[in-house]
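Now for the letters of each chain:
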Amino acid sequence: SNGVNKKNIITILIIVIIIAGAIFAANSAGFFKKSEPEQVAIPEGIILFYGIGCPHCETLEQWMAQANIEQELEAKELKLTKLEVFNDKANYEILSQAAKACSYNDQIGVPFLWDGEGSCIIGDEPIEEFFMQKIGLLIQTNDESSEISE
């Protein structure tokens, strides 16, 4: 008789609604999230992103050691954080955020410096120049940078 069909349809509808509800709930709870990287906070201060085995990073590292950059920055109360990005996913996420903030969306290379104020500098030589300016070894005159002779 007709009654059975109606009952079946209602049962099927209820099951569909329950399934749809479960999917919706799981979705809002984030079960089906695409691997969207989480927004991570960029730490305060200057951040130098580097990779183990990256030759330009090593060049920069040696130069920084010779020029006592970290001590010099500390003396000026400037905070420098160094983050390794090849082996550390969390650090790589911070690098991605910094790069996005500077509108770099393609390949990001290291060494990569976040100046703590919303600007990015890529490459060992531009970063050396940035540090020299920060510690006062380089004076900006109009457009040209001139080194102070001791």
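Anything mentioned here points back to the structure above.
So, here's what we can say about the structure. Here the structure is a predicted model, which is why all the values come from computation and not from measurement. (Residues numbered from 1 in each chain as written. Predicted model: local features only at pLDDT ≥ 70, side-chain atom pairs only at ≥ 80, totals over all residues. Heavy atoms only, no water.)

Below, the discussion takes up the overall build of the chain. Check the secondary structure of the chain and you find 5 helices and 6 strands. When the helices and strands of the chain are placed in sequence order, the string is α-β-α-α-β-α-β-β-α-β-β. Across the 150 residues of the chain, 29% fall into the buried class. (Helix = DSSP H or I, 4+ residues; strand = E, 2+ residues; numbered from the N terminus. Buried < 20%, exposed > 50% of the residue type's maximum accessible area, 1.4 Å probe, protein only.)

Our focus in this paragraph is the pairing of strand 1 (residues 46-50). Counting buried positions over the 5 residues of strand 1 gives 4, a clear majority of the element. Where strand 1 meets strand 2 (residues 80-84), 5 bridges bridge the pair, whose relative direction is parallel. Paired with F49 across the bridge in strand 2 is L83. (Pairing = 2+ DSSP bridges.)

This next bit is on the sheet that holds strand 3 (residues 112-114). One open sheet holds the 4 strands; their spatial order is 2-1-3-4, and the pairing between them is mixed. One side of each edge strand has no neighbouring strand; the edge strands of this open sheet are strand 2 and strand 4 (120-122). Averaged over all pairs of adjacent strands, the angle between strand axes in this sheet comes to 20°, irrespective of strand direction. By the bridge criterion, 3 bridges tie strand 3 to strand 4 in an arrangement that is antiparallel. Paired with W114 across the strands is C120, a residue of strand 4. (Axes fitted to C-alpha atoms, helices over the stretch in contact; angles between N-to-C directions.)

With the rule as written, the count across this model stands at 2 disulfides. Paired through a disulfide, C54 and C57 show a sulfur-sulfur distance of 2.2 Å. Across the disulfide from C54 to C57, rotation about the S-S bond amounts to roughly 85°, and the bridge is consequently right-handed. Covalently, C102 is tied to C120 through a disulfide, its sulfur atoms 2.0 Å apart. Its S-S torsion of about 85° marks the bond between C102 and C120 as right-handed, since a negative value means left-handed. Residue C102 is located in the loop between helix 4 (89-101) and strand 3, and its partner C120 is located in strand 4; the two are separated by 18 residues in the primary sequence. Look at C120 and you get buried, because its relative accessible area is 14%. What links to what in the chain: the bonded cysteines, counted in sequence order, pair as 1-2, 3-4. (Disulfide = S-S within 2.5 Å.)

In this model, helix 2 (residues 55-66) (12 residues) spans 17 Å end to end at C-alpha, consistent with the 16 Å of a helix rising 1.5 Å per residue. By the burial criterion, the buried members of helix 2 are C57, L60, W63 and M64. Looking straight down helix 2, one finds its buried side chains confined to an arc of 125°; they lie on one side. Those residues of helix 2 that are exposed and angled more than 90 degrees off the buried face are P55, Q62, A65 and Q66. Those residues of helix 2 that are buried lie in contact with strand 1, helix 3 (69-75), strand 2 and helix 5 (124-134). (Expected span 1.5 Å × (residues − 1). Arc of directions from axis to C-beta. Contact = heavy atoms within 4.5 Å.)

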